[in-house]
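Listed below, chain by chain, are the residues.
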Amino acid sequence: MQGRVRTSLRRKLIITTVMTLFLVIVGTISIVAKLQDQQSETHYKDIEARITSSLTNKGKILATNHALALRGFAESNAFGDIKDLVNRTVAEDEDVIYGLYLDADMTPYAFKAPGTEKDDTTGWEEIGVTEEMLEEDSGERKVSIYKQQVLEFSSKVEVVEDGEVELLGSIRYGLSTARMAKDLRVAREESDAAFFNTIKILIGLGLFFVLVGAFVTWRQAIRITSPLGVLTEAADAIASGDHSVQVDVQSGDEIEILASSFNKMVRDLAASYDELELLNKGLEQKVEERTRDLQQKTDDVENMLKNLRQGIFTVTEGQSIHHEYSAYLEKILETNDIAGNSIMDVLLSGTNLGSDAVDRVYVAL
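Only a predicted model underlies this, so the values are computations on that prediction, with no experimental measurement involved.

Enquirer: Looking at this structure, how should I read the overall build of the protein?
Expert: Secondary structure assignment for the protein yields 8 helices and 7 strands. A compact globule built from 365 residues would reach a C-alpha radius of gyration of about 21 Å, whereas the protein, at 60 Å, exceeds it by more than 25%. By residue count, 30% of the 365 residues in the protein fall in the buried class. Contacts in the protein between residues far apart in sequence, at least 24 positions, make up 53% of those at least 6 positions apart. For the protein, the accessible area works out to roughly 23,700 Å², and carbon and sulfur atoms hold 54% of it.

Enquirer: Help me understand the confidence of the model for the protein, please; the structure alone is not making it clear to me.
Expert: Regions with low pLDDT should not have their predicted coordinates read in detail. Mean pLDDT over the protein: 82, with 95% of residues reaching 70 or higher. For the protein, helix α4 (residues 178-239) is the element with the lowest average pLDDT, namely 79, and strand β1 (residues 96-103) is the one with the highest, namely 92.

Enquirer: What exactly am I supposed to notice about the pairing of strand β5 (residues 164-176) here?
Expert: Across a regular strand the side chains alternate sides, sitting on one face of the sheet and then on the other. Summarising burial for β5: 10 of the 13 residues are buried, a large majority. With 7 bridges joining them, β1 and β5 adopt antiparallel strand pairing. Bridge pairing links Gly-99 to Tyr-173 in β5. Alignment of strand β4 (residues 148-161) against β5, held across 12 bridges, turns out to be antiparallel. By the bridge assignment, Leu-151 is partnered in β5 with Leu-175. In this structure, the hairpin formed by β4 and β5 is closed by a connection of 2 residues, where Asp-162 is found at a positive phi of approximately 55°.

Enquirer: Explanation requested: the nonpolar core in the structure shown.
Expert: Soluble, globular proteins show a tendency: their nonpolar side chains are buried together. Core analysis: the biggest nonpolar cluster contains 27 residues, and Leu-70, Tyr-101, Val-157, Ile-171 and Tyr-173 have the highest contact counts within it. Those elements giving two or more residues to this core turn out to be α1 (2-75), α2 (79-92), β1, β4, β5 and α4. The biggest single contributor to this core is α1, with 9 residues. If sequence neighbours within four positions are ignored, Tyr-173 has contacts with Leu-62, Ala-63, His-66, Leu-85, Val-86, Thr-89, Val-96, Tyr-98, Gly-99, Leu-151, Glu-152 and Phe-153. Core analysis: the next-biggest nonpolar cluster, separate from the first, contains 16 residues, Tyr-98, Leu-102, Met-133 and Val-143 among them.

Enquirer: I would appreciate a short explanation of the environment of Met-265 in the present structure.
Expert: Mapped onto the secondary structure, Met-265 falls in helix α5 (residues 254-307). Each C-alpha atom, one on Met-265 and one on Gln-246, is 10.0 Å from the other, the two residues being 19 residues apart in sequence.

Enquirer: Honestly, the packing of aromatic side chains in this entry has me stumped. Any pointers?
Expert: By convention here, two paired aromatic rings are described through the distance between centres and the angle between planes. Summed over the entire model, instances satisfying the criterion amount to 4 aromatic pairs. Ring centres of Phe-79 and Tyr-109 lie 3.9 Å apart, and the angle between their planes is 10°; on these two criteria the pair is classed as stacked. Of the two residues, Phe-79 is situated in helix α2 and Tyr-109 in strand β2 (residues 108-112); the sequence distance between them amounts to 30 residues. The class for Phe-79 is partly exposed, based on a relative accessible area of 25%. The class for Tyr-109 is partly exposed, based on a relative accessible area of 24%. Positioned over the ring face of Tyr-44 is Arg-188, at 3.9 Å from the centre of the ring.

Enquirer: I tried to follow unusual backbone geometry on my own but got confused; where do I start?
Expert: Generally, phi is negative for residues other than glycine and the peptide bonds are trans, each holding for most cases. The phi torsion at Tyr-146 lies on the positive side, around 55°, for a residue other than glycine. Within the secondary structure layout, Tyr-146 lies in the loop between β3 (138-145) and β4. Residue Glu-334 is not a glycine yet carries a positive backbone phi of 55°. Within the element layout of this structure, Glu-334 appears in the loop between α6 (328-333) and α7 (343-348).

Enquirer: Help me understand the pairing of β2 in this model?
Expert: Direction of pairing for β1 relative to β2: antiparallel, over a ladder of 4 bridges. Counted as the bridge partner of Tyr-101 is Ala-110 from β2. Counted between consecutive antiparallel strands, the loop separating β1 from β2 contains 4 residues, among which Met-106 sits at a positive phi close to 65°.

Enquirer: Quick question: what am I supposed to make of the pattern of salt bridges here?
Expert: Side chains that carry opposite charge are capable of pairing whenever their charged atoms lie near each other. With the rule as written, the count across this model stands at 10 salt bridges. Linking Glu-152 and Arg-141 is a salt bridge whose minimum nitrogen-to-oxygen distance equals 2.8 Å. Taken as a pair, Glu-152 in strand β4 and Arg-141 in strand β3 lie far apart in primary sequence, 11 residues in all. Classification of Glu-152 as buried rests on a relative accessible area of 1%. As a salt-bridge pair, Glu-152 and Arg-172 come within 2.9 Å of each other at their nearest N and O atoms.

Enquirer: Quick question: what am I supposed to make of a nonpolar patch on the surface here?
Expert: A grouping of Ile-201, Leu-205, Phe-208, Phe-209, Val-212, Phe-215, Val-216 and Trp-218 is seen on the molecular surface, where their side chains present a nonpolar patch of about 770 Å² in accessible area. Counting through the fold element by element, Trp-218 comes out in helix α4. Owing to a relative accessible area of 39%, Trp-218 belongs among the partly exposed residues under this scheme.

Enquirer: Would you mind showing me how to read the sheet that holds β1 here?
Expert: Strands in a sheet are paired, the pairing made by backbone hydrogen bonds, and the direction either parallel or antiparallel. What the 5 strands build is an open sheet, ordered β2-β1-β5-β4-β3; its pairing is antiparallel. A strand with exactly one partner marks an edge of an open sheet, and here the two such strands are β2 and β3. Averaged over all adjacent pairs, the angle separating strand axes in this sheet is 15°, with direction ignored. Strands in contact with α2 are β1, β2 and β5; relative to β2, the strand with the most contacts, it is inclined by about 20°.

Enquirer: What should I look at first to understand the side chain of His-66 in this one?
Expert: Inspection of the secondary structure puts His-66 in helix α1. Aside from chain neighbours lying at most four places away, what touches His-66 is Leu-85, Thr-89 and Tyr-173.

About the cut-offs
- Residues numbered from 1 in each chain as written.
- Predicted model: local features only at pLDDT ≥ 70, side-chain atom pairs only at ≥ 80, totals over all residues.
- Heavy atoms only, no water.
- Helix = DSSP H or I, 4+ residues; strand = E, 2+ residues; numbered from the N terminus.
- Rg over C-alpha atoms; globule rule 2.2 N^0.38 Å.
- Buried < 20%, exposed > 50% of the residue type's maximum accessible area, 1.4 Å probe, protein only.
- Contact = heavy atoms within 4.5 Å.
- Areas by Shrake-Rupley, 256 points an atom, 1.4 Å probe, with all protein chains shown as cover.
- pLDDT = per-residue confidence, 0-100.
- Pairing = 2+ DSSP bridges.
- Core = buried A, V, L, I, M, F, W, Y, C linked by side-chain atoms within 4.5 Å.
- Phe/Tyr/Trp six-rings, centres within 6.5 Å; stacked < 30°, edge-to-face > 60°.
- Lys NZ or Arg CZ within 6 Å of the ring centre and 35° of its normal.
- Salt bridge = Lys/Arg side-chain N within 4 Å of Asp/Glu carboxyl O.
- Patch = residues over 30% accessible without salt bridge, like charges linked within 9 Å, V, L, I, M, F, W, Y side chains within 5 Å.
- Axes fitted to C-alpha atoms, helices over the stretch in contact; angles between N-to-C directions.

The structure is reproduced here in structure tokens:
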């Protein structure tokens, strides 16, 4: 029974500790996961902003620089050089999907896009350039074309003659966002991988600490419940009548102090039992003596009542005659129906006294 109690107590201590550690670890992992997720999201947005900014700066610089370079070609009508510059730029830079040069009359002198030949300028209308766009100093827009999202950057090609600005044309380059999307996807995957790795590490550490906590609690539970079991067995022995039992607990803590107090209590209790036993023996002797004395007195009274030649009796509450009376009373009253009857009936029932005399006797009694 005590073994089952100790086992149950140990199990409760271990379960309580494990549940407490589990709740703490779950709370910690939740907080860390939330912070890590926020940090990952911030990091991802920062990478996205830097990649987008890098691609945007590249497109703006490319369009602006080529607008300056094409100014001389356009003034000298070197359209072949314009084509070579545009074609080479599209061919050499994997981010550039298409390049388009339009003069002020919307005439395409150079156009390079997926599926076009070297001198082929057809199909540029798909890009959706309007005459109003030619007047923009520089522009940036998103275009969904060639089965992908494209960032288009443009810049005017113009010269100044006699203080007047003359529009020669417009150069446009479309930069693919595929590499940017790929880099962002890789960044997202790396961020997610780092996040899940952190969670895995935290879960692993949590399980480790739960096991360590359970082991430590188990050791402490044994250290606590074993002395308690000894004390319980000692208490049962005392209840069974063994007042000499003593416990030996060397735990070095409050339980050892409790065991020491328990031993002192048992010693004091044993001394009290010994003293009580002596008192009981003395009391028994006194009771026997008093019983003998009382019996002797009772016998004396009984002998006296049997042999006394007088009528002696005792009146109890309610004016009834007590059952112990002298035997000679029955001869005097000539009846043995005396005990328990009213004194008035027993003494005055056969008299010739008047009612007034009887009442005075009754009142006197």
